[in-house]
Amino acid sequence: MSSALADLCRYPIVQAPMAGGASCPQLAAAVSEAGGLGFLAAGYKTADGMYQEIKQVRGLTGQPFGVNLFMPQPNTADPAAVEVYRHQLAGEAAWYETPLGDPDSGRDDGYEAKLAILLDDPVPVVSFTFGCPTRDVLDTFAKAGTFTVVTVTTPEEAQAAQWAGADAVCVQGVEAGGHQGTHRDDPATDGSGIGLLSLVALVRESVQLPVIAAGGLMRGGQIAGVLAAGAVAAQLGTAFLVCPESGANALHKQAMTNPLFVRTELTRAFSGRPARGLVNRFMREHGPYAPAAYPQVHHLTSPLRKAAAKAGDPQGMALWAGQGHKMARDLSAGRLVEVLVAELDSARAALALGRS
């Protein structure tokens, strides 16, 4: 690992920030306590809600942890397309007996207020998704002693992060569960995502920044693979989602290994932005018609997803999952870190033996 990351965690294992409840204080603290780097997801939370979770983590562990922020989004959505989608979802609202949400509930996710809190009372790591902060923002975090990471999905995005002054990039392959962290949401590029190993190599040749690799990683052997490809650490989301400390809904956890859900796909059905999840009824019926309108569609469908969860119906939920979801293991977060480290050591030993 780079010296800065080595100071933050004993092992090259980062728990992905999963917005929507999974990355709760208990999970982040457990991963950090075990020697990985735990993360809180500030996305979809108020600034105060984020701060309360930070205080909880500090009460559970003295180890370093991170907080992930969503970048504000430009207003590029077509209101007419959002209205058409609202009409299409009318049957869902009737079925779940809940009104649809207000698509104009906000685009900035409380970004400025969250920045103010994180600069006033710094945490060890702050990462950014859906864009790259300005150089001024990243310089201010550097002065506060905060290590900054920008999520990227292309070499060009990595170059932008380097130019802006980020300390590292989280390279997200197309295999990753949840939202693709593209800096610009362009429907013309749907389906053109790059696989993780190729992307790590491309980014390594494009920038001088440390690379954290993310996307479909579930085993220590895969971590060894991305480290061999030039990453300094691996970020895992789906692997930690099923841990008892995770705040994910029980139906979501069960779906990871439920044979009823056979594959994942990228869809705009739930949020208006490409995100990988288990294919279910909602995705099949509405994915082909969902507009490129984030976060408007997210706000629109939020009550439906909550009502489906309350009704015990995974077919109406956003079951975010990476391509390796079938390999999910029902282990505590601390035990999962231990197992991953043991697998990583075995893979490295086998590689060394093969070279000798």
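Residues numbered from 1 in each chain as written. Predicted model: local features only at pLDDT ≥ 70, side-chain atom pairs only at ≥ 80, totals over all residues. Heavy atoms only, no water.

## Notes on the packing of aromatic side chains
Applying the stated rule across the entire model yields 6 aromatic pairs. Judged by centre distance (6.1 Å) and plane angle (65°), the rings of F128 and F141 are edge-to-face. On the criterion of sequence distance, the pair formed by F128 in strand 4 (residues 125-129) and F141 in helix 7 (residues 135-143) is long-range, its members being 13 residues apart. For the pair formed by F128 and F141, the shared burial category is buried. For the ring pair F130 and Y294, a centre distance of 5.2 Å and an interplane angle of 65° mean the geometry is edge-to-face. One end of the pair, F130, is in the loop between strand 4 and helix 7; the other, Y294, is in the loop between helix 13 (281-286) and helix 14 (296-310), and 164 residues separate them in sequence. On the basis of relative accessibility, which here comes to 2%, the residue F130 falls in the buried class. Among the aromatic side chains, those forming a connected cluster through ring pairs are Y44, F70, F130 and Y294. For the cation-ring pair, R135 lies above W163, with the distance from its terminal atom to the ring centre recorded as 5.3 Å. (Phe/Tyr/Trp six-rings, centres within 6.5 Å; stacked < 30°, edge-to-face > 60°. Helix = DSSP H or I, 4+ residues; strand = E, 2+ residues; numbered from the N terminus. Buried < 20%, exposed > 50% of the residue type's maximum accessible area, 1.4 Å probe, protein only. Lys NZ or Arg CZ within 6 Å of the ring centre and 35° of its normal.)

## Considerations on the side chain of T153
Looking at where T153 falls in the secondary structure, it is placed in the loop between strand 5 (147-152) and helix 8 (155-164). Judged by its relative accessible area of 7%, T153 falls in the buried class. Excluding its chain neighbours within four sequence positions, the residues that come into contact with T153 are Q172, Q180, G181, T182, I194 and L199. (Contact = heavy atoms within 4.5 Å.)

## Some words on the sheet that holds strand 7 (residues 178-179)
The sheet built from 3 strands is open, its strands ordered 7-11-10 with antiparallel pairing. The open sheet has two free edges, formed respectively by strand 7 and strand 10 (264-267), since each of these has just one partner strand. As defined by bridge partners, strand 7 adjoins strand 11 (residues 275-278) across 2 bridges and the pair is classed as antiparallel. In the strand pairing of strand 11, H179 is matched with A275. (Pairing = 2+ DSSP bridges.)

That is the geometry; function is a separate question.
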